[in-house]
Amino acid sequence: MYSFHHQANSLTETSNSYFKLTPLALTISLVLLSGCAGDRQDQTAVSVEPDQSQRQAQAAQPAGSHQSADKAAEVQPALPVIAKPQPRLERKRELREQSYNQQAIAQPRLEAESLQASPQQALAQSLPQAMPRATMGKIATTDALHSPPVPLPIVAPYPIEADSEQYAEFRDNPIKSTAVDPLSTFGVDVDTASYSLTRQSLNSGVLPRPESVRTEEWLNYFDYDYPRPESQQQPFSVTTELARAPWDQDRMLLSIGLQGYEVDKADLPPLNLTYLIDVSGSMHAPNKLPLAVNALKMLTRQLRPQDRVAITVYAGAAGLVLEPTDGTDKTKIIAALDRLRAGGSTAGGAGIRLAYNTAKQHHTDGAISRVILVSDGDFNVGTRNTDELKRLIEKERESDVSLSVMTLGRGNIRDELMNTLAETGNGTAAYIDSAIEAKKHLVDGMSGTLMTIAKDVKAQIEFNPAVVSEYRLLGYETRHLEHHEFNDDRKDAGDIGAGHRVTALYELITHDSPARLNPQRRYRQASTQSPTTGGNDTETLYSNELAYLKLRYKLPGQSRSTLISQPIYRDQLKAVGTESDNLRWSAAVAGAAQYARGVESMQDWSFQQSQQLARQALGEDHYGYRAEFVRLLGLASDLDQPLRADLR
């Protein structure tokens, strides 16, 4: 570990050979000047020293091979308009956007030869040297490169590149009145890409862009100690908990947690995997294709004799690199991965078609057939419209082949496209920012990533208008469903993989709360009155019920859903200080995510308060992800101090 002073000197020494000013170095300067570092010894020692291979690679690059940081600062990604923010919130978002762009580092330029090469030449350069020309077909126009694979740097954080990143635009869930709409309906989500993106930004000294934050993906990144289901026939358990909201004691937090049935890697059905790898010119950076190759090697080493892998790639055109190969021949699979090179444009649609066709040709009954798309998100030739790609995948998913997406690098991310592909393909969307994250997703979480235990999982909560005045769902905006779609088995929704955990939080305001927003009504509707007593029989019967939870799911291979339901009682409310670690941790994570998004009702909260709450709920942190989050909150708090000062 190094001190901030040591880090600043180290980064200054290396800046002339690679970049003018790193985001982390600029951040350190801001922290030291503002005197806001605070008493966080555990957060002010972040290892950023590049390894020897990085220094050699940086020194060998020509001086003109990178864009300047000044040019990067000219790129101003537009933020979506979310509701109608107050002046203070609008100013805060403006400051965050300026901070992000001022600290951006220019993306290295591609070599002129790569940019000018034809799609066939670029793809041929990316294919293994040993592949027969008969397999390459018309695209085999040149010999493959002979250079050894570029070593993957693991320790130093990667820079934020000057970007044209696009994120899905959505409005934050509003506070709703139960008198107007007592129902809340959404599809579950087990994706985690938004949290990994935020971590990469913070490790590079940049606050996350508000539009990149999805609260549910922060929540579901972490493990929770929910009860394990005993049978795969009811594939997940359901846990609810009620407590006071840490940011407002006059409000309640309702936690709904699902725990998927766990399947050991050794017990998975046979795997029929197709790696679909983007080898276009934009994938040349160390945190793109080299990291993708390392990640897929990790997965390959987990394969069993009954498993098979094929490798397809796409640049200006699509090609088959490796015919389906048994899991026993790991050396052959890894050798094919090692010989991949980046160059050319990006024909993602053609690659998806080829990968699906390859997977379908070798699908067998009972096997898990899945395409794993690995890309930086840039589809710039051929079929690239989101709706067109969605229709393509909707058609292909009927063949029992699913699609998962792994995004790498920064600068080209099309968030709305990658999430749509994964959601439509009945798969997961992940952002891989390091070898550690690759191991979490493909090795430790291999069963959940590859095996679906419940399809089209939907949740619908009906709040009791006699008890709850208002409610708000934290996150899941992009998973919203119309109320009638809950019972419609034709409507697609999220899937749960083996061992996956899903957490959803509601903020509630009861009628007797000082935080109540709805005015007290003088008159009741006549239809609610009992003809004999004048009272409301329904209110009396369910007076202790806070809400009624319903869930629908389909087992793999089934077309009709199963319904499970249970009431949630108001006397379940936990006294302050008696909440479970599950609820306190999820509250800390959701609070930080909502604050990072700029939700107006959370602007009196802070990263530091989430950090204090999270420290009390670390629980059994087997892999250290919770401790890492605590450290990241400390860094985010320091980065946020100049913004808070400018708002005063």
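Residues numbered from 1 in each chain as written. Predicted model: local features only at pLDDT ≥ 70, side-chain atom pairs only at ≥ 80, totals over all residues. Heavy atoms only, no water.

As for helix α9 (residues 193-203)
We apply this condition: Classification of residues uses two cut-offs on accessible area relative to the type maximum, computed with a 1.4 Å probe and protein chains only: under 20% is buried, over 50% is exposed, and between them is partly exposed. Starting at the N terminus, helices and strands are each numbered in turn, a helix being any DSSP run of H or I of at least four residues and a strand any DSSP run of E of at least two.
Where burial is concerned, most of α9 is hidden: ten out of the eleven residues are buried. Within α9, burial applies to Ala 193, Ser 194, Tyr 195, Ser 196, Leu 197, Thr 198, Arg 199, Gln 200, Ser 201 and Leu 202. Looking at the residues trailing α9, positive phi occurs at Gly 205, about 85°.

So, unusual backbone geometry
One non-glycine residue with positive phi stands out, namely Asp 400, at about 70°. Mapping Asp 400 onto the fold places it in the loop between α14 (386-396) and β9 (401-408). For Tyr 476, which is not glycine, the phi torsion reads 65° and is therefore positive. You can see Tyr 476 is positioned in the loop between β12 (468-473) and β13 (494-497).

What about the side chain of Arg 370?
The criterion, for reference: Residues scored as charged are limited to Lys and Arg (positive) and Asp and Glu (negative), so that His and the chain ends carry no count. What counts as a salt bridge is simple: a side-chain nitrogen of Lys or Arg found within 4 Å of a carboxyl oxygen of Asp or Glu.
Examined against the element boundaries, Arg 370 turns out to sit in strand β8 (residues 368-375). Despite its burial, Arg 370 remains without a salt bridge, the nearest opposite charge being carried by Asp 495 at 6.8 Å.

Details of helix α12 (residues 330-338)
The criterion, for reference: As used here, the arc is the angular range of directions from the helix axis to the C-beta atoms. By definition in these notes, contact holds between two residues if any of their heavy atoms fall within 4.5 Å.
Among the residues of α12, Ile 333, Ile 334, Ala 336 and Leu 337 are the ones counted as buried. For α12, the buried positions fall inside an angular range of 155° around the axis, keeping them on one side. Those residues of α12 that are buried are in contact with β5 (271-278), α11 (289-300), β6 (308-314) and β7 (318-326).

With respect to the side chain of Thr 428
With respect to the helices and strands, the residue Thr 428 is situated in the loop between α15 (415-424) and β10 (429-432). Residue contacts for Thr 428: discarding those within four places in its chain leaves Val 190, Asp 191, Arg 370, Leu 403, Ser 404, Val 405, Ala 422, His 441, Thr 449 and His 500.

So, the sheet that holds β10
Keep this limit in mind: Being paired, for any two strands, means DSSP has found at least two bridges between them. To obtain an axis, a line is fitted to C-alpha atoms, over the contacting stretch when the element is a helix, and the angle between two such axes runs from 0 to 180 degrees between their N-to-C directions.
Taken in spatial order, the six strands make up an open sheet running β7-β6-β5-β8-β9-β10, and their pairing is mixed. Whereas interior strands pair on both sides, the edge strands pair on one side only; in this sheet they are β7 and β10. For this sheet, the mean angle separating the axes of adjacent strands, direction not counted, is 20°. The pairing of β6 with β7 spans six bridges and is antiparallel. Paired with Ile 311 across the two strands is Leu 322, which belongs to β7. Sitting on the sheet, helix α16 (residues 435-444) touches β9 and β10, and the angle it makes with β10 is about 150°.

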